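For reference, the chains in residue letters:
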Amino acid sequence: MKYSLIASLILQSTLVLAELLPVHFTAPSAAHFQALVANDTFDFGCRAVAHPLEDGRFKLRAFLTEEQISHVQSEYDQLSDIKLVRETPFSKRAATAPIGTGDRFSGGTIAPSGLGTKAAGSTIASIMNVNEIGSALKGLNSVYGVNLITLPYKTFNGATQTAGYVGAGTDKSNYHLYFSAGVHARERGGPDNIIYWISDLLAAQKAGSGLTYGKKTYTNAQVTTILNAGIVFFPLVNPDGVTYDQSTGSNWRKNRNTKSGSSGAAVGVDINRNFDFLWNFPKYFDSSTAPASTSPSSETFYGTAAASEPETKNHVSIYDSFPKIRWFMDIHSAVGDVLYSWGDDDDQSTTSTMNFLNSAYDGKRGPTGDSTYKEYIPATDLTNIRSVATAMVNSMKAVGGRSYSAQQAVGLYATSGASDDYSFSRYWAKSGVNKVYGYTLEFAPSGNFYPTAAEFNTNILDTNAGFMDWALQAIAIGVE
Ligand SMILES: *[C@@H]1O[C@H](CO)[C@@H](O)[C@H](O)[C@H]1NC(C)=O
Ligand SMILES: [Zn+2]
């Protein structure tokens, strides 16, 4: 497909962070967007996703500077039938949910209390600040006995990272469900979603009650079933990035590592392109695709080596500490999707030798809709992961009527080095490790990384019901 933008020299690292403006493109097919998506200087949010519209066209969301918009517009004659639509700039949108200013958990003497155990219509007033996330974990420990572990690596700015585990006692081999959040700094409310859900499970267990999220209700027996499966959670993977984003409001995504770039957009690595799954993408992927970026100023900069980043290493260390994790969920925003394996190319279940480890396919991965390469997934695994994704989506839709969809992570554009593919790939890449089914949740269909207070609360309700049904269906399929 030749809808290409004229290639010119890629501008090297800009020194000032220009304001990001939300826009979307529409086109008659998703393939029309290929050249746009291949430009790794553009920001397509968590990952580029083309959604079908009711009129038969496709929509691709992006976050561009004024300069990038004029570049795209000046190339319009090259962009046959692609239309750029400006959305309301972030600065002109309704007030976003505030960030907490104090410590609502008083240094960990108070546990968080979620929406599932509160009367309908109750709300949480603000998003947790970084210090409060730490206090929330301490509160869960002091009030409910949640176990906390300090992860082995400190972040670039020296933050200590903590994960919690609860439900299945002290033997770490009894833990089968793993959640992480706060990877992309600007995706506000991710850590809150998981922390309030864990709090709800524990409050319901203590009270012998069930949980209610909008129109979805759960019994105490279901709460017990989920806790018994053993939950590990790493709620703030990127504290340096979140600290920066919360203090600047700059829609910051990456971590704050300055080794490859010391200022502006060149700071930071995209943790979700840094995992050891086809990390060295120029070698593994077709050159027409941009599953990540080698440029430090890109939002998808892949880092200096697979798992070069402390946050990535800490994330991976959890699989080593909890060897029987079977189901993994990485919590992102803002699309309204549940994504399942694989993310590097289309799925296929017929040719087991056509897989990410086979060097015969190096340089061929990435383009979708062709048969040159598709990633192998055993048919049973595909059935299993789809059924859990569907259960989660149906649950989130039922809470209050927002729309969500389940789809394969590749969508139409490949990614490399992402946490979900890494989790599922371990079983084939390393000997003697458990098979992990990995997901990415993109909560908040608004396309807005900074939700309003009302959206923030709806996100908690929707995701928490989604986690319930994700876990229940996963357990029904099997955790051993
Ligand atoms: C990507 O877009 C920028 C404008 O923001 C442009 O300068 C650059 O040439 C484009 N890169 C390619 C490979 O088309
Ligand atoms: Zn994300």
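Now for a look at the structure at hand. Residue positions are given per chain, counted from 1 along the sequence in the order it is written. Chains carry letters and ligands carry numbers; both start at the beginning, A for chains and 1 for ligands, and go up in the order they are written. Residues qualify for local features only when their pLDDT is at least 70, as the model is predicted, and side-chain atom pairs are given and counted only at 80 or more; totals for whole chains, interfaces and linings, by contrast, use all residues. Computation of side-chain values covers all heavy atoms of the structure but excludes hydrogens and water.

## Here we look at the coordination of the zinc ion (ligand 2)
Okay, so step 1: Looking at the metal site, the zinc ion (ligand 2) is ligated by Cys 46 (SG), His 184 (ND1), Glu 187 (OE), Glu 187 (OE) and His 332 (ND1), spaced 1.9 to 2.4 Å from it.
Okay, so step 2: Taken in sequence order, the residues that donate to the zinc ion (ligand 2) follow the motif C-x137-H-x2-E-x144-H. Taken as a pair, His 184 in the loop between β7 (177–181) and α4 (190–207) and His 332 in strand β11 (residues 327–333) lie far apart in primary sequence, 148 residues in all. Just as His 184 is buried, His 332 falls in that class too. Water is not among the atoms examined, so metal sites may look incomplete; donors are the N, O and S atoms within 2.8 Å of the metal, or within 3.2 Å for Na, K and Ca. The numbering of helices and of strands both runs from the N terminus, where a helix is a DSSP run of H or I of at least 4 residues and a strand a run of E of at least 2. Any residue under 20% of the maximum accessible area for its type is buried, any over 50% is exposed, and the rest in between are partly exposed; the area is computed with a 1.4 Å probe on protein chains only.

## Considerations on the pairing of strand β1 (residues 21–27)
Okay, so step 1: A large share of β1 lies buried, amounting to 7 of its 7 residues.
Okay, so step 2: Covered by surrounding structure in β1 are Leu 21, Val 23, Phe 25 and Ala 27 together with Pro 22, His 24 and Thr 26, the residues of both alternating faces.
Okay, so step 3: At least two bridges found by DSSP between two strands is the condition for calling them paired. Here β1 pairs with strand β3 (residues 58–64) via 7 bridges, running antiparallel. Bridging across to β3, Phe 25 finds its partner in Leu 60.
Okay, so step 4: Examined bridge by bridge, β1 and strand β4 (residues 83–86) share 4 bridges and lie antiparallel to one another. The residue bridging Thr 26 from the neighbouring strand is Lys 83, located in β4.

## Focus: the sheet that holds β3
Okay, so step 1: The strand order β2-β3-β1-β4 describes an open sheet built from 4 strands, whose pairing is antiparallel. A strand with exactly one partner marks an edge of an open sheet, and here the two such strands are β2 (50–52) and β4. In this sheet, neighbouring strand axes are inclined to one another by 30 degrees on average, regardless of whether the strands run parallel or antiparallel. Under this scheme, a helix contributes an axis fitted over its contacting stretch, all axes are lines through C-alpha atoms, and angles between N-to-C directions fall in the 0 to 180 degree range.

## Points about the packing of α4 against helix α11 (residues 453–477)
Okay, so step 1: Closest axis-to-axis distance for the α4/α11 pair is 9 Å, and the angle between their directions is 60 degrees. In terms of orientation, α4 lies oblique with respect to α11. Considering the relative orientation of α4 and α11, their crossing is right-handed. Across the interface between the two elements, Asp 192, Asn 193, Ile 194, Tyr 196, Trp 197, Asp 200 and Leu 201 of α4 pack against Phe 456, Asn 459, Ile 460, Thr 463, Asn 464, Phe 467 and Met 468 of α11.
Okay, so step 2: Three residue categories are used. Nonpolar comprises Ala, Val, Leu, Ile, Met, Phe, Trp, Tyr, Cys and Pro, charged comprises Asp, Glu, Lys and Arg, and polar comprises the others, including Gly. Its residues assigned to classes, the contact of α4 with α11 shows 8 nonpolar, 4 polar and 2 charged. For classification purposes, angles smaller than 35 degrees are called roughly parallel, those larger than 145 roughly antiparallel, those between 65 and 115 roughly perpendicular, and all remaining angles oblique. The handedness criterion is simple: a crossing whose near helix is rotated anticlockwise from the far helix by less than a right angle is left-handed, and one whose near helix is rotated clockwise is right-handed. Contacts: residue pairs with any heavy atoms within 4.5 Å of one another.

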